[in-house]
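Residues per chain, in single letters:
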Amino acid sequence: VVGLLISLGARAQRSEIDTDAVRTLHTGFFESLRQGGADGVLAHLRQTGALDTRDIRALEPRLRALEAAFGRPDAYSLVSEWEVPGSSRLRIGLFLTYHEAGPAGWRLRFYRRVTGVWAIAAVQFETGFVEDFVRLGEVEFSAYRAVLDRLPTKPELERMLKESR
């Protein structure tokens, strides 16, 4: 029993340290976005070595488009964060940023590397279906979004209606 208590105590302590490390990562990410916009957060990602260079290049045009359409966020909030069941090295965080033109939903994947250092492993965001993005899991949202993207737009529906008469 004593050995079990020592093991559990060490695990609980490590978890607090991990939580602080992940909090530091997402605070740095969103403060860079808030203060420096797309340039600031891209520089932050490059400086921290969080993402692979090709992932940053793929993210760059989307971040620039977000800033052009919505402006910089003036605030952000944590919606939820959890450790992936069965893994003490993978966490997911869902966040909202608040821009002049509306909110954006964010999913950050955090990974504890073999060295024990936490890093941002993936960044996703959504501006069109924010509430569903932060409510649904990643796979469910992707399937949901694919279905919505295939639906005809209002002008297309009107044209189809006219053609059917």
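Residues numbered from 1 in each chain as written. Predicted model: local features only at pLDDT ≥ 70, side-chain atom pairs only at ≥ 80, totals over all residues. Heavy atoms only, no water.

### Things to note about the confidence of the model for the protein
Point 1. For the protein, the mean per-residue pLDDT works out to 81, and 78% of the residues sit at or above 70.
Point 2. Taken element by element, the protein is modelled with least confidence in helix H4 (residues 138-150), mean pLDDT 63, and with most confidence in helix H2 (residues 53-70), mean pLDDT 94.
Point 3. This stretch, residues 1-14, has a pLDDT under 50; its non-local contacts, to residues over four places away or in other chains, come to 3 contacts. (pLDDT = per-residue confidence, 0-100. Helix = DSSP H or I, 4+ residues; strand = E, 2+ residues; numbered from the N terminus. Contact = heavy atoms within 4.5 Å.)

### Concerning the sheet that holds strand E3 (residues 102-112)
Point 1. Taken in spatial order, the 4 strands make up an open sheet running E1-E2-E3-E4, and their pairing is antiparallel. Of all strands in the sheet, those bounded by a partner on one side alone are strand E1 (75-83) and strand E4 (118-126). Averaged over all pairs of adjacent strands, the angle between their axes in this sheet comes to 20°, without regard to strand direction.
Point 2. Pairing of E3 with E4, which is carried by 8 bridges, proceeds in the antiparallel orientation. Within E4, the residue paired with Arg 109 across the bridge is Ala 122. (Pairing = 2+ DSSP bridges. Axes fitted to C-alpha atoms, helices over the stretch in contact; angles between N-to-C directions.)

### Re the pattern of salt bridges
Point 1. Taken as a whole and judged by the stated rule, the model has 10 salt bridges.
Point 2. A salt bridge links Arg 46 to Glu 60; its shortest N-O distance comes to 3.4 Å. Here the residue Arg 46 occupies a position in helix H1 (residues 2-48), and Glu 60 occupies one in helix H2, the gap between them amounting to 14 residues.
Point 3. For Arg 72, the salt bridge goes to Glu 67, with nearest N and O atoms at 3.3 Å.
Point 4. Since its relative accessible area comes to 41%, Arg 72 is described here as partly exposed.
Point 5. Relative accessible area serves as the criterion here: at 26%, Glu 67 is assigned to the partly exposed category.
Point 6. A cluster of three or more residues bridged by salt bridges with shared partners is formed by Asp 39, Arg 46, Glu 60 and Arg 64. (Salt bridge = Lys/Arg side-chain N within 4 Å of Asp/Glu carboxyl O. Buried < 20%, exposed > 50% of the residue type's maximum accessible area, 1.4 Å probe, protein only.)

### Section: the nonpolar core
Point 1. Core analysis: the largest hydrophobic core is formed by 25 residues, its most contacted members being Phe 29, Leu 45, Leu 63, Trp 106, Phe 110, Ile 120 and Val 123.
Point 2. Sorting the residues of this core by element identifies H1, H2, E3 and E4 as the ones contributing at least two each. (Core = buried A, V, L, I, M, F, W, Y, C linked by side-chain atoms within 4.5 Å.)

### Describing the pairing of E3
Point 1. Among the 11 residues that make up E3, 8 are buried, leaving the element largely enclosed by the rest of the structure.
Point 2. Bridge count for strand E2 (residues 90-99) against E3 is 10 bridges, and the pairing is antiparallel. Bridged to Arg 91 within E3 is Phe 110.

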